[in-house]
Amino acid sequence: MSAPLPSGLTLGSLRVDTPVVLAPMAGITNAAYRRLCAEQGAGLYVCEMITSRGLVEGDQHTLDMLVFDELETTRSVQLYGTDPVYVGKAAEILCAEHGVAHIDLNFGCPVPKVTRKGGGGVLPWKRGLLAEILEHAVAAAAPYDVPVTMKTRKGIDDDHLTYLDAGRIAQETGCAAIALHGRTVAQAYSGAADWDAIAALVDHVDIPVLGNGDIWEAADAVRMVERTGAAGVVVGRGCLGRPWLFRDLAAAFAGEQVAVLPTLGEVAAMMRRHAELLCQHLGEERGCKEFRKHVSWYLKGFAAGGEMRRSLGLVDSLAALDRLLAELDPDEPFPVAELGAPRGRQGSPRGRVVVPEGWLDDADGSGCHLREDAGETTGG
Ligand SMILES: Cc1cc2nc3c(=O)[nH]c(=O)nc-3n(C[C@H](O)[C@H](O)[C@H](O)COP(=O)(O)O)c2cc1C
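The model shown is predicted, which means the values in this text are computed figures rather than measured ones.

Visitor: Where do I start with the overall build of the protein in this structure?
Guide: Along the backbone of the protein there are 15 helices and 10 strands. Relative to the globule expectation of 21 Å for 380 residues, the C-alpha radius of gyration of the protein, 20 Å, shows essentially globular dimensions. Structurally, the protein occupies a C-alpha span of about 60 × 55 × 45 Å along its principal axes. A total of 380 residues make up the protein; the buried ones form 58% of that total. Surface exposure of the protein reaches about 15000 Å², of which carbon and sulfur atoms provide 51%.

Written out as structure tokens, the structure is:
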């Protein structure tokens, strides 16, 4: 028999009422989206990734991303960085000036622009450098009692796995948890997430492990935790166009029945709420523009025709959005064929992961100086 499901999540001094984390997603998990998801249920809702150098240098674009909703009581931010000193300073700024209650560090980004410079998912290959970055972040956040976590992948590719060492280093440096996306950088988003790797990491470390990858329904999250022993789950693409997944997740971990599926009318109301929150935070013009990328996720599998989708994809005001949503059939049932189906980016594996010259020759990298990029926003 499997162990009882965790009822919440403890990250250092931070207690989350359900063991569910919204995965940081660049361009998606802004203040409006986090609020929308939080309205559905408890969880830890992580901000889009920001760069430590951008924060330290006061870059305006970085500061614009560091915005919180007025109801967001637990401010959680993901930092990207390759330089221990910048990361430490950025962590200090987040705690001292932005009232952040949780800092996650990104060591999973597979984007070539990032890995080429030794950042994101390829950085944990340099065990010594990883330790230095984590030490600086933990030391900066400790006086504020703010937990630091790291999020990573299995490794660069199947021949260069790093996750078990990363878990050990996270534990030794005082991280409150480690989140593992069960794919290598080489896989990007292709194939299936390896939940056995999550289980292996749970066996390997004493700190909480958060499992990530391919949770499309609340039942998947329960299955992952039961199978791996993870302390909680990190949910990314599954909630695109489906913020109510957080309601279902909270219910599932509370041992309750998952609620009924929304009709198209209920989905339209959710779309309206999402657009409204984006407009509140960004102004109507930018808010509507940002909303457009979510339309196809919300309507996935519904009968809404091409013309309607095109018009929604060009929406430029809340009034126009209301007119279009009113044309949808509110009684159309949820397309059950979509349940459990992947959504969001999938793509194909990378033939070769681009890393700095000679990167693989040395697996320590202590004191190694990598150029920090202030404007990196491509995420993970
Ligand atoms: C659009 C998009 C943006 C992402 N941005 C980030 C990011 O900024 N930081 C990060 O650690 N991971 C990022 N990810 C990866 C997710 O956090 C997550 O690890 C990945 O999608 C696997 O989880 P899933 O199967 O639940 O989607 C991003 C993923 C997507 C689809």
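Visitor: Mind showing me how you'd approach the nonpolar core here?
Guide: Side chains of a nonpolar character, in soluble globular proteins, are inclined to be buried together. Within the largest apolar cluster, 108 residues are counted, with the highest numbers of intra-cluster contacts made by I103 and L105. Ranked by size, the runner-up nonpolar core spans 13 residues in total, among them V16, A23, V46 and V234.

Visitor: Would you explain the pattern of salt bridges in this entry?
Guide: Once their charged atoms are close, side chains differing in charge can pair, the charge on each being opposite to the other. Per the stated rule, a full pass over the model turns up 22 salt bridges. We note a salt bridge from E39 to R273, for which the minimum N-O separation is 2.5 Å. In this pair, E39 sits in the loop between helix 1 (31-38) and strand 4 (44-51) while R273 sits in helix 11 (residues 264-282), placing the two residues 234 residues apart along the sequence. Here D165 ties to R168 by a salt bridge, and the two come within 3.7 Å at their closest N and O atoms. Of this pair, D165 and R168 both sit in helix 7 (residues 163-172), three residues apart, roughly one helical turn. For D165, a relative accessible area of 25% gives the class partly exposed. Among the residues examined, R168 registers a relative accessible area of 33% and is labelled partly exposed. Residues joined in a network through salt bridges with shared partners are R35, E39, D69, R272, R273, E276 and D322.

Rules and cut-offs
Residues numbered from 1 in each chain as written. Predicted model: local features only at pLDDT ≥ 70, side-chain atom pairs only at ≥ 80, totals over all residues. Heavy atoms only, no water. Helix = DSSP H or I, 4+ residues; strand = E, 2+ residues; numbered from the N terminus. Rg over C-alpha atoms; globule rule 2.2 N^0.38 Å. Buried < 20%, exposed > 50% of the residue type's maximum accessible area, 1.4 Å probe, protein only. Areas by Shrake-Rupley, 256 points an atom, 1.4 Å probe, with all protein chains shown as cover. Core = buried A, V, L, I, M, F, W, Y, C linked by side-chain atoms within 4.5 Å. Salt bridge = Lys/Arg side-chain N within 4 Å of Asp/Glu carboxyl O.

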